[in-house]
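Understanding the architecture of this molecule
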Amino acid sequence: MTDLDAIAAELGERLKARGETVAVAESSSGGLISAALLGVPGASKYYLGGAVVYTGKARMVLMDLPREAVAGMRSASEPYALLLARTARERFGATWGLSETGAAGPTGNGYGDAAGHTCIAISGPVEMAVTLETGESDRAANMTAFTAAALDLLKRAVE
């Protein structure tokens, strides 16, 4: 995780300097976003918490989002990623909510998205959502790519 460590360290310093906080809701990155952010000394100054929202049940239990709240949304979509980011920010009282939802592989998801597809969103003083398609089926490589993209999106938002 050397590359992720470098991105997270820079981001952590920026968040600490600004007195800002972050909460995470991630899915196919499997906790790597939180692990990268928590690997930085002093992370308790900016990291408030997070959840791996990998299933519909996890969405209901960990994010308190019932089926009605996501009616008509695909789980690996930008609107769903924004909903997760907003919910994480609001539930933790964070400056920033960061989310990721996709298909790490080696196969796609039940919505027709290929392996390597993810949507990442940030909610805070600015909101952004992006879709990433790696074109790869390697699960571990996709999880790392999704994490790097999520950290990069937060870094751009904080700038």
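Above this text is the structure in question.
My aim in this report is to walk through the structure given alongside it, one point at a time.

How each quantity is defined
Residues numbered from 1 in each chain as written. Predicted model: local features only at pLDDT ≥ 70, side-chain atom pairs only at ≥ 80, totals over all residues. Heavy atoms only, no water. Helix = DSSP H or I, 4+ residues; strand = E, 2+ residues; numbered from the N terminus. Rg over C-alpha atoms; globule rule 2.2 N^0.38 Å. Buried < 20%, exposed > 50% of the residue type's maximum accessible area, 1.4 Å probe, protein only. Contact = heavy atoms within 4.5 Å. Arc of directions from axis to C-beta. Expected span 1.5 Å × (residues − 1).

1. Things to note about the overall build of the protein chain
Assigned secondary structure in the protein chain consists of five helices and five strands. Overall, the protein chain shows an N-to-C arrangement of helices and strands of α-β-α-β-α-α-β-β-β-α. For 159 residues, the compact-globule estimate of 2.2 N^0.38 gives 15 Å, and the protein chain sits close to it at 14 Å. Considered along the principal axes of its C-alpha atoms, the protein chain spans approximately 40 × 35 × 25 Å. For the protein chain, with 159 residues in total, the buried portion stands at 47%. Within the protein chain, residue pairs in contact and separated by at least 24 positions form 66% of the contacts whose partners lie at least 6 positions apart.

2. A short note on helix α3 (residues 56-63)
All of the buried residues along α3 are Ala58, Arg59 and Met63. Projected down its long axis, α3 carries its buried residues within an arc of 105 degrees, all on one side. Exposed positions of α3 whose direction lies more than 90 degrees from the buried face are Lys57 and Val61. Next to the buried residues of α3 lie β1 (22-26), β2 (47-52) and α4 (78-92). Phi turns positive, to about 55 degrees, at aspartate 64, one or two residues after α3.

3. Examining the environment of alanine 25
Topologically, alanine 25 is positioned in strand β1. A relative accessible area of 0% means that alanine 25 is categorised as buried. Measuring from C-alpha to C-alpha, the distance between alanine 25 and valine 52 comes to 6.0 Å, with 27 residues separating the pair along the chain. When sequence neighbours within four positions are dropped, the list of residues in contact with alanine 25 reads Ala51, Val53, Met63, Leu84, Ala88, Leu98, Ser99 and Glu100.

4. Here we look at the environment of alanine 71
By the element assignment, alanine 71 lies in the loop between α3 and α4. Sequence separation of alanine 71 and serine 137 is 66 residues, and the distance between their C-alpha atoms is 29 Å.

5. Some points on α4
The terminal C-alpha atoms of α4 lie 21 Å apart, and with 15 residues this matches the ideal 21 Å at 1.5 Å per residue to within 8%. For α4, the complete set of buried residues consists of Tyr80, Ala81, Leu82, Leu83, Leu84, Ala85, Thr87 and Ala88. Buried-residue contacts for α4 involve β1, α3, β3 (96-103), β4 (117-123) and β5 (128-133).

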